[in-house]
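Examination of the molecular architecture
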Amino acid sequence: MLYDLLVPLAKYHSAFNVFRYITFRAAMATVTALCISFVLGPWLIERLRQLQHGGETIREDTPARHRSKAGTPTMGGLVILAAILASTDLWTQLYNRYVWVLLLATTGLGLIGLQDDRTKVKTGRGISAKRKFGAQIALVGALMGWLYFWPPDGFTTGMVVPFFKGWLLALGWAWIPFAILVIVGASNAVNLTDGLDGLAIMPVVMVGSALGVFAYVTGSSVYSRYLLFPYIPGSGELLIFCAAMAGAGLAFLWFNTHPAQVFMGDVGALSLGGALGTIAVITRQEIVLGIMGGVFVAEALSVMLQVSWFKFTKAKFGSGRRIFKMAPLHHHFEKSGWKETQVVVRFWIITMLLCLVGLASLKLR
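What comes next is a walk through the structure. Note that the structure is a prediction, hence the values are computed from the model and not measured.

**Structural notes on the state of the cysteines**
With the rule as written, the count across this model stands at zero disulfides. Unpaired in this structure, Cys35 has its nearest cysteine sulfur neighbour in Cys242, at a distance of 19 Å. We note that Cys355 lacks a disulfide partner, and the nearest cysteine sulfur, in Cys242, lies 12 Å from it. Given a relative accessible area of 6%, Cys355 falls into the buried group.

**Let's talk about the side chain of Asp117**
Relative to the helices and strands, Asp117 is located in helix α4 (residues 97–123). The side chain of Asp117 sits in the buried core without any salt bridge; Lys120 is the nearest counter-charge, 4.7 Å away. Among the polar contacts listed, one links the side chain of Asp117 to the backbone nitrogen of Val267, at a separation of 2.9 Å. If we skip the residues at most four places from it in the chain, Asp117 touches Met75, Gly265, Asp266 and Val267.

**Quick notes on helix α10 (residues 265–283)**
Three or four residues apart is the spacing at which side chains of an α-helix point the same way, because the helix has 3.6 residues per turn. Between the first and last C-alpha of α10 there are 28 Å, a value that for 19 residues agrees with the 27 Å anticipated at 1.5 Å per step. Among the 19 residues of α10, 19 are classified as buried, and the element is accordingly described as predominantly covered. One or two positions beyond α10, positive phi appears at Arg284, with a value near 65°.

**Section: the packing of helix α9 (residues 238–256) against α10**
Across the interface, α9 lies against α10 with an axial gap of 11 Å and an inter-helix angle of 155°. In terms of orientation, α9 lies roughly antiparallel with respect to α10. Viewed along their axes, α9 and α10 form a crossing whose handedness is left-handed. Here Leu238, Phe241, Cys242 and Met245 of α9 come into contact with α10, specifically with Leu272, Ala275, Leu276, Ile279, Ile282 and Thr283. Residues of the contact of α9 with α10, tallied by class, amount to nine nonpolar, one polar and no charged.

**Some points on the nonpolar core**
In terms of nonpolar packing, the biggest core is built from 89 residues, with Ile80, Met144, Met245 and Leu276 touching the most fellow members. Take this core: its biggest share by element is 12 residues, from α9. With six residues, the next largest nonpolar core counts Leu196, Leu199, Val295 and Phe347 among its residues.

**Re the packing of aromatic side chains**
The tally for this structure, following the rule as stated, stands at 15 aromatic pairs. Chaining the aromatic ring pairs together yields one cluster made of Tyr148, Phe149, Trp150, Phe155 and Trp175. A cation sits over an aromatic face here: Arg346 above Trp338, 4.5 Å from the ring centre.

**Things to note about the environment of Val205**
By the element assignment, Val205 lies in helix α7 (residues 201–218). The exposure class assigned to Val205 is buried, which follows from its relative accessible area of 7%. With 43 residues separating them in the primary sequence, Val205 and Ala248 have C-alpha atoms 8.7 Å apart. Look past the residues within four positions of Val205 in its chain and what remains in contact with it is Met245, Ala246, Gly249 and Leu250.

**A closer look at the environment of Leu48**
Structurally, Leu48 is set in helix α2 (residues 22–52). Residues Leu48 and Leu199 lie 151 residues apart in sequence; the distance between their C-alpha atoms is 21 Å. Residues within four places of Leu48 in sequence aside, it is in contact with Pro73, Thr74, Met75, Gly76 and Val262.

Rules and cut-offs
Within every chain, residues take consecutive numbers counted from 1 along the sequence as written. In view of the model being predicted, local features appear only for residues whose pLDDT reaches at least 70, and side-chain atom pairs are presented and counted only at 80 or more, with totals across whole chains, interfaces and linings using the full set of residues. To obtain the side-chain values, all non-hydrogen atoms of the structure were included, while hydrogens and water were left out. Disulfides are defined as pairs of cysteine sulfur atoms found within 2.5 Å of each other. Burial classes: relative accessible area under 20% of the type maximum marks a residue as buried, over 50% as exposed, and values in between as partly exposed (1.4 Å probe, protein chains only). Segments assigned H or I by DSSP are reported as helices when at least four residues long, segments assigned E as strands when at least two residues long, and all are numbered from the N terminus. Only four residue types enter the tally: Lys and Arg on the positive side, Asp and Glu on the negative side; His and the chain ends are excluded. A pairing counts as a salt bridge when a side-chain nitrogen of Lys or Arg comes within 4 Å of a carboxyl oxygen of Asp or Glu. Two N or O atoms form a polar contact when they lie within 3.5 Å of each other; inside protein one atom must be a possible hydrogen donor and the other a possible acceptor, and for residues adjacent in sequence the pair counts only when both atoms belong to side chains. Contacts are assigned to residue pairs with any non-hydrogen atoms lying within 4.5 Å of each other. Expected helix span is computed as 1.5 Å times (number of residues minus one). Helix axes are fitted to C-alpha atoms over the stretch in contact, other axes to C-alpha atoms as well, and angles between N-to-C directions run from 0 to 180 degrees. Working definition: roughly parallel below 35 degrees, roughly antiparallel above 145 degrees, roughly perpendicular at 65 to 115 degrees, and oblique for all remaining angles. Each crossing is labelled by how the near helix is turned from the far one, with a counterclockwise turn of less than a right angle marking it left-handed and a clockwise turn marking it right-handed. Polar here means any residue other than Ala, Val, Leu, Ile, Met, Phe, Trp, Tyr, Cys and Pro, which are nonpolar, and Asp, Glu, Lys and Arg, which are charged; Gly is therefore polar. To qualify as a nonpolar core, a set must consist of buried Ala, Val, Leu, Ile, Met, Phe, Trp, Tyr and Cys residues joined through side-chain atoms within 4.5 Å. Here the aromatic set is Phe, Tyr and Trp, taking the six-membered ring for Trp, and pairing holds for ring centres within 6.5 Å; pairs whose planes are under 30 degrees apart are stacked, those over 60 apart are edge-to-face, and all others are tilted. Note on criteria: charge over ring means Lys NZ or Arg CZ within 6 Å of the ring centre, with the direction from the centre no more than 35 degrees off the ring normal.

The structure is reproduced here in structure tokens:
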């Protein structure tokens, strides 16, 4: 919004030229989101505590140390969502199609998560998996169809293969179901990871910040040509969103670090995971997202493997067997004797290393 309002004033004073630069607006988006989160955070936590009474419901099979968390308010992702949306609207170019797709995907998935959270608070159980996945697929499918059938300038359905020079896999019509798989998969993977204090939000900040670098590169005709990336006009504006997400996420960590004052809830996890997937799809970095978000991938795979193996062995042997002591994966390590803070910090370190590997693909081609 400020871009559209203030850049035209540059003809009267050169100081307004600073608003042309994406890097300046990204830095300001980070600060804005931080400030909004710090201001809204305490008020929202207290409000949620009053409204929810019982707070978060803890699963019976969760490690015993988590029982003390019962009653902690959830739906704290609302403050993250509010900070990201307000900051992005303030500092980005609002006529950018990619920005609108990203904002609509994030908001829509957040609303689905909000409905799930509200149902959990009222009944102890969320909405059915069928309804949740159906709503996610319908939302993302509509947005991807919008991009595919009414493409912006420079739009392509190719997928960049990292570490290989000039490898771009053309997907054609298959791009739509592939994009749905990436975005919905990322959304639910982050949701599964959000099981320990601070575990999900810091990897989201790191992966989102790294994806912001890719958005900046693909949106620049100079850098994309030099680094042999497809040039996607307008995708650079996604850096503003990534910067806002980093600022809002770091501020939320202030309240979510162990022992957490508030949980993110599905409203935060589904929207943030979906945002990461959407950015990766727009910038053609789906494979890089899988690398940098390796922790999210491992958490999701652990659940799928555990459930599949349990059902298979129950049908074959009459009793279900498990691969892990408990799924998602972070609970397996807790059951193995790791403290909660050890699991969280070690997963952070792994994510940082994986983000560096992903960023290395910018030049190692």
